[in-house]
Amino acid sequence: MDKRYIPDKVEEKIYSLWEKSGFFNPDNLPKTKKLTKLKAKSFCIIMPPPNANGSLHIGHALFVTLEDIMIRFARMKGQKTLWLPGADHAGFETQVVFDKKLEKEGRSRFKMDRKKLWQEMYEFTQENKKTMENQLRKLGASCDWSREKFTLDPDIIKEVQHTFIKMHKEGLIYRGLRTVNWCVKHQTALSGLEVKRKEEKGKLYYMKYGPFTLATARPETKFGDTAIAVHPNDKRYKKYIGKEVEVQGLLGKFKIKVIADKAVDPEFGTGVIKVTPAHDPLDAEIGTRHNLEVKQVIDRYGKLNEHAGRYAGMKVMEAREKVVEDLKKKGLLVKVDENYTHNLAVCFKCERTLEPIPLPQWYVKTKPLAKPAIETIEKGKIKIIPTHRKKVILHWLKNIEDWNISRQIIWGIRIPAWICEKTNEAKSYKLTMGFHESVVPQIFKGKIATWRIRDHGFKKGDAVAFENSQEEKIFGHGTITKVEKLTVGTMNLKDKTHYATYKTRDELLRAFKKHNPDKNITLQTPVFAYHYTFKKANKLMKLKAISSSCPPIVSIEKPKQCPSCKSEKLSQDPDVFDTWFSSGQWPYLTLGFKNSGKHDKDFKDFYPTSVMETASDILFFWVARMIMMGIYRTKKLPFKNVYLHGLILDKDKQKMSKSKGNVINPLGVAEEYGTDAVRMALIAGNTPGRNSTISEDKIRGYRNFATKIWNITRFISMNYEEIKTKPVITPKDKKNLKQLEATKKKVTKHLEKFEFHRAAEITYHYIWHTFADKIIEETKPRLQNGDKKDKAAALETLITILTESIKMLHPFMPYATEEIFQHLQDLQGKKKKTLLIVEPW
RNA sequence: GGGCGUUUAGCUCAGUGGUAGAGCGUUUCGUUGACAUCGAAAAGGUCACAGGUUCGAUCCCUGUAACGCCCACCA
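What counts and how
Residues numbered from 1 in each chain as written. Chains lettered and ligands numbered in written order. Predicted model: local features only at pLDDT ≥ 70, side-chain atom pairs only at ≥ 80, totals over all residues. Heavy atoms only, no water. Helix = DSSP H or I, 4+ residues; strand = E, 2+ residues; numbered from the N terminus. Buried < 20%, exposed > 50% of the residue type's maximum accessible area, 1.4 Å probe, protein only. Contact = heavy atoms within 4.5 Å. Arc of directions from axis to C-beta. Polar contact = N/O pair within 3.5 Å; in protein donor to acceptor, adjacent residues only side chain to side chain. Patch = residues over 30% accessible without salt bridge, like charges linked within 9 Å, V, L, I, M, F, W, Y side chains within 5 Å. Areas by Shrake-Rupley, 256 points an atom, 1.4 Å probe, with all protein chains shown as cover. Salt bridge = Lys/Arg side-chain N within 4 Å of Asp/Glu carboxyl O. Lys, Arg positive; Asp, Glu negative; His and termini not counted. Charge placed at Lys NZ, Arg CZ, Asp CG, Glu CD. 1 Å grid on protein atoms, 1.4 Å probe; cavity = no way out; pocket = protein on both sides within 12 Å on 5 of 7 lines; lining within 4 Å. Points joined across faces, edges and corners; volume = space filled by probe spheres on them. Nonpolar A, V, L, I, M, F, W, Y, C, P; charged D, E, K, R; others polar. Near = heavy atom within 4 Å. Pairing = 2+ DSSP bridges. Axes fitted to C-alpha atoms, helices over the stretch in contact; angles between N-to-C directions. Phe/Tyr/Trp six-rings, centres within 6.5 Å; stacked < 30°, edge-to-face > 60°. Lys NZ or Arg CZ within 6 Å of the ring centre and 35° of its normal. pLDDT = per-residue confidence, 0-100.

S.K.: When you look at the environment of Ile-298 in this model, what are you seeing that I'm missing?
M.R.: On the secondary structure map, Ile-298 appears in the loop between α7 (281–290) and α8 (316–329). On the basis of relative accessibility, which here comes to 0%, the residue Ile-298 falls in the buried class. With 15 residues separating them in the primary sequence, Ile-298 and Gly-313 have C-alpha atoms 9.2 Å apart. Residue contacts for Ile-298: discarding those within four places in its chain leaves Arg-218, Thr-221, His-279, Lys-303, Leu-304, Asn-305, Val-316, Glu-355 and Ile-357.

Structure representation (structure tokens):
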């Protein structure tokens, strides 16, 4: 034996020994008699799948260690034990990582072909996944690789989509046009959980607004105001409630309604707010309550649109400055509060200000899903460790809001919904051209141009909808092919495009006058001739109906036609699911739950799973959703226990981050000090759910411990000889063995109660300060001077204690203990086994 | 604005209704025939503060303070 324990020589060899044994796979585990006595016959942990967009960090090392301890403990006890590994495609997170990569290469996803981008990202994640798997192996993870899952495996995708369809059928999914949290950089909407708050010093502008003065932080959104709101009990403004007031704005005078809403705080500002339902979450709510018009003035690139008049095209901040400047010029700006701090909603990834804009998105109605989850947690059917988190999760569930699951990225599971293209066409007709009903038949007959006194602003190539002005129905659509500017006097009456209507110029003049009574029409009046192509609509549609569009069709397969308008032109919704919509279903999907009802055997054997061990910061993102969706789909809880671990901080209690340069790479330190040492350093002194610190000093300390048990073994080996005589066990031996039993009991108790730090510390302390420092020291004289029988007794006691000690320690320090166990078996000439399934425990 | 957590040795943190614990660090001594990545020992704490319950409180209760975290629509 070497003088020291050298992890490098051992780890790879041992891991492959375990893998070859096949015992990571529960199907290969021996059926023990003990099993029948156990309360729970099986034990299962679904690994929180690491994101396949990088390599493992110290947090991963912590969860691997915690879960591996539980798994090894259960397996040694004789339970049918499964630890199912996986990887997460991590939708938006990976998209952000990949966007950065593209940026470095001078590329952008917005200029790439969807399929090609997807393929590249797929390869990127597969590469990362491979690296991560090897890293998990290095950390000693005794998981069943044969059952490994990826969130983009075809069967997973299918089942995720089935869940969406089922929820849709049952009214739990709806498509809503709402003000969403939009990230201008990433060009996607985010859910409420992905919104970060950042305190910012801004300005609060007080401006004249009709008879009021009101305060706003966003004057540039004023073009989207569709009401003024005050508190219903505010005496100052009571007389205005329900009335329309005239306001002098930057783009002229306009009239606006005053409403009363309790959301308005009379104490803040002047107690009056302008309501911009399109661009503020609170205003959107008020808008819904009062059925206000939603007027979008900011587009998805963060620029003002045509509703902003001369400010159109400006970016938000630019427009704000300009608007304030103009308000000042017009004397509409009362004052500016420069010391105004507020919590700005920013993108949790890029920290840029989020732009609330109205967009149609898919939502999950969460209240009906949360209800049974709340009941279950309240009844204590799920044990949450640490317990105080129970309150936190309950509070969140009780105040849950509907969940936007649409993401405008390509990396993820495509939403199985189809959009009627005809709808799209109609929608893209921002332009409509009205025709008197008497003219409509001529168009059907082939009339290919129209004369207009008014400049409609159409340009060549514009798509237009053709509307019957009297019926207000769209009867067709087409494209502008030519625009001519003429005058009434220069119009060619013989032009066949117009022949059927007017025979003389007088008749023409009269007709123009009739249709435009307020205008003074002469022969010199300009006339616009719009030439177009025409296609008849399949069905007459109200313009309103068109703009509200055919409802999307929810289906995995592409439907033959749109059930609303029978159009066969359908395209798939380009959006993908929020990653958590799929990972929220992870426990039952990985175990082979099937929509068809023909679940895999694993589902019967291992669901509900035993423990969900994960980071406490994804309690809402993941744990709460797994509980809701698990109950919804399987009618059972996805797991019986939730164990939440905290963050790993550096020795100065700082969060580890690449920019601070204080990151401890778990694989790096494992390389240097051995995996076992890193594992112990992560576990000892780490109470459930609390942040803990790690330093190289600490790891070094446990490396020393590995050396210690190694040298205990070496000492015993050096003194070993085959025991031939019947040993005479002394009372001291008996006492020592009793103490060992007591220690084992304590350790077991702590492991069962998820108190891993206690179990680890007790084991550590027993081995070093009781076994090595006391028992071995006391035994030394007996080994050297004692008679044969006494020596045999001493030796046997030592071997027993060592064997039991390494069993106890195995879940924590699997490599060194296994290596020692193998060595001990060699020494005693025993048949080789592995500690993985050694009994009893 | 709500909620939660923490406060124990120089540092990092355990822990318990009955005289305070570990690791690291410090000091002294020992050991080179298991291990110097070692052993033996020592110093070091009004258990944040103020009340209360109790025979007894670091622990249970109430309040205060500091620090940290989470949630929340104050324009």
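S.K.: Help me understand helix α10 (residues 389–398) in this model?
M.R.: Since the α-helix turns once every 3.6 residues, residues separated by three or four places project in the same direction. Within the sequence span of α10, burial applies to Arg-389, Ile-393, Leu-394, Trp-396 and Leu-397. An end-on view of α10 places all buried positions within 160 degrees of arc, on one side of the element. Those residues of α10 that are exposed and angled more than 90 degrees off the buried face are Lys-391 and His-395. Tucked inside the fold, the buried residues of α10 contact α9 (367–378), β15 (383–385), α18 (619–634) and β29 (639–645).

S.K.: Where do I start with the side chain of Thr-525 in this structure?
M.R.: Considering the arrangement of structural elements, one finds Thr-525 in the loop between α13 (505–515) and β23 (526–532). A relative accessible area of 11% means that Thr-525 is categorised as buried. Reaching out from Thr-525, the side chain makes a polar contact with the backbone nitrogen of Thr-522 at a distance of 2.8 Å. Once you skip the residues sitting within four places of it in the chain, Thr-525 turns out to touch Ile-453, Leu-486, Thr-487, Val-488 and Asn-520.

S.K.: Looking at this structure, I do not really get a positive patch on the surface. What am I missing?
M.R.: On the surface, Lys-383, Lys-746, Lys-749, Lys-753 and Arg-758 cluster together to form a positively charged patch. Mapping Lys-746 onto the fold places it in helix α22 (residues 731–752). Classification of Lys-746 by relative accessible area gives partly exposed; the value is 46%.

S.K.: Could you clarify how one ought to interpret empty space enclosed by the protein in this entry?
M.R.: If a probe as big as a water molecule is rolled over the atoms, it shows which places are left empty. Under the defined criterion, the tally for this structure stands at one cavity of 30 Å³ or more. In this model, the largest cavity occupies a volume close to 60 Å³. Taken together, 14 residues make up the lining of the largest cavity; nearest its centre are Leu-66, Tyr-643, Asn-686, Thr-687 and Pro-688. Those elements that provide at least two residues to the lining of the largest cavity are α3 (58–77), β29, α20 (675–683) and α23 (756–785). Residues belonging to the lining of the largest cavity are distributed by class as follows: seven nonpolar, six polar and one charged.

S.K.: Would you explain the protein's contact with RNA strand B in this entry?
M.R.: Lining the immediate environment of RNA strand B, one finds 42 residues, of which Arg-4, Phe-268, Tyr-340, Thr-687 and Trp-768 sit closest. Considering RNA strand B, the proportion of its atoms within 4 Å of the protein that are sugar or phosphate atoms stands at 60%. Here a base nitrogen of RNA strand B and a backbone polar atom of Phe-268 are 3.2 Å apart. Within the side chain of Asn-343, an N or O atom sits 3.3 Å from a base nitrogen of RNA strand B.

S.K.: What should I look at first to understand the sheet that holds strand β11 (residues 252–260) in this one?
M.R.: Where strands meet in a sheet, backbone hydrogen bonds hold them as pairs that are either parallel or antiparallel. Pairing is mixed across the open sheet formed by four strands, whose spatial order is β10-β11-β9-β12. Each edge of the open sheet is held by one strand with a lone partner, namely β10 (244–249) and β12 (272–275). Strand-to-strand twist of the sheet, defined as the mean angle between neighbouring strand axes without regard to direction, takes the value 35 degrees. Sheet analysis places strand β9 (residues 227–230) next to β11, joined by three bridges and oriented parallel. Along β11, the bridge assignment pairs Val-230 with Ala-260. Sheet contacts for α7: β11 and β12; angle to β12, the most-contacted strand, approximately 80 degrees.

S.K.: What should I look at first to understand the packing of aromatic side chains in this one?
M.R.: Enumeration according to the criterion identifies 43 aromatic pairs in this entry. The interplanar angle of 85 degrees and the centroid separation of 5.4 Å between the aromatic rings of Phe-164 and Trp-362 together place this pair among those described as edge-to-face. Taken together, the positions of Phe-164 in helix α6 (residues 154–169) and Trp-362 in strand β14 (residues 355–364) put the pair 198 residues apart, joining distant regions of the chain. For the pair shown, Phe-164 and Trp-362 are each scored as buried. The interplanar angle of 50 degrees and the centroid separation of 5.8 Å between the aromatic rings of Phe-475 and Phe-534 together place this pair among those described as tilted. Placement of the pair is Phe-475 in strand β22 (residues 473–487) and Phe-534 in the loop between β23 and β24 (535–542), with a sequence separation of 59 residues. By relative accessible area, which is 3% here, Phe-475 ends up buried. Cluster of aromatic residues (ring-pair linked, three or more members): Phe-435, Phe-444, Phe-466, Phe-475, Tyr-532 and Phe-534. A cation sits over an aromatic face here: Arg-625 above Trp-403, 3.9 Å from the ring centre.

S.K.: Help me understand the sheet that holds strand β7 (residues 195–209) in this model?
M.R.: Strand order in the open sheet made by the three strands is β8-β7-β13, with antiparallel pairing throughout. Among the strands making up the open sheet, the edge pair consists of β8 (212–216) and β13 (333–347). This sheet shows a mean twist of 20 degrees between the axes of neighbouring strands, independent of strand direction. Relative to β8, β7 runs antiparallel, the two being bridged by five bridges. The residue of β8 that forms the bridge with Tyr-209 is Phe-212.

S.K.: Help me understand the confidence of the model for chain A, please; the structure alone is not making it clear to me.
M.R.: Where the model shows low pLDDT, its predicted coordinates should not be examined in detail. For chain A, the average pLDDT comes to 88, and 95% of its residues sit at 70 or higher. Every residue in residues 544–548 scores below 50 in pLDDT, and together they form four contacts with partners more than four places removed in sequence or on other chains.

S.K.: Mind showing me how you'd approach the pattern of salt bridges here?
M.R.: For side chains bearing opposite charge, pairing can occur when the charged atoms are close. This model, assessed by the stated rule, comprises 52 salt bridges. Lys-138 is the salt-bridge partner of Glu-11, the closest N and O atoms lying 2.7 Å from each other. Of the two residues, Glu-11 is situated in helix α1 (residues 7–21) and Lys-138 in helix α5 (residues 114–138); the sequence distance between them amounts to 127 residues. When its relative accessible area of 22% is taken as the criterion, Lys-138 is described as partly exposed. Taken together, the shared-partner salt bridges connect Lys-101, Glu-105, Arg-107, Lys-116 and Glu-120 into one network.

S.K.: Whenever I open this one, unusual backbone geometry confuses me. Can you help?
M.R.: For residues other than glycine, phi is negative in most cases, and the peptide bonds are mostly trans. The omega angle of the peptide bond from Ile-385 to Pro-386 is -5 degrees, so this bond is cis rather than trans. Mapping Pro-386 onto the fold places it in the loop between β15 and α10. Residue Pro-608 follows Tyr-607 across a cis peptide bond; omega there is -5 degrees. Tracing the backbone through its elements, the reader meets Pro-608 in the loop between α17 (601–606) and β28 (609–615). A positive phi angle is found at Asn-291, which is not glycine, with a value near 55 degrees. Structurally, the position occupied by Asn-291 is in the loop between α7 and α8. Even without glycine at this site, Glu-351 takes up a positive phi of about 60 degrees.

S.K.: Explain the pairing of strand β20 (residues 449–452) here, please?
M.R.: Along a regular strand, successive side chains alternate from one face of the sheet to the other. Neither face of β20 is open: one carries Ala-449 and Trp-451, the other Thr-450 and Arg-452, and all of them are buried. Where β20 meets β23, four bridges bridge the pair, whose relative direction is antiparallel. Within β23, the residue paired with Thr-450 across the bridge is Tyr-530.

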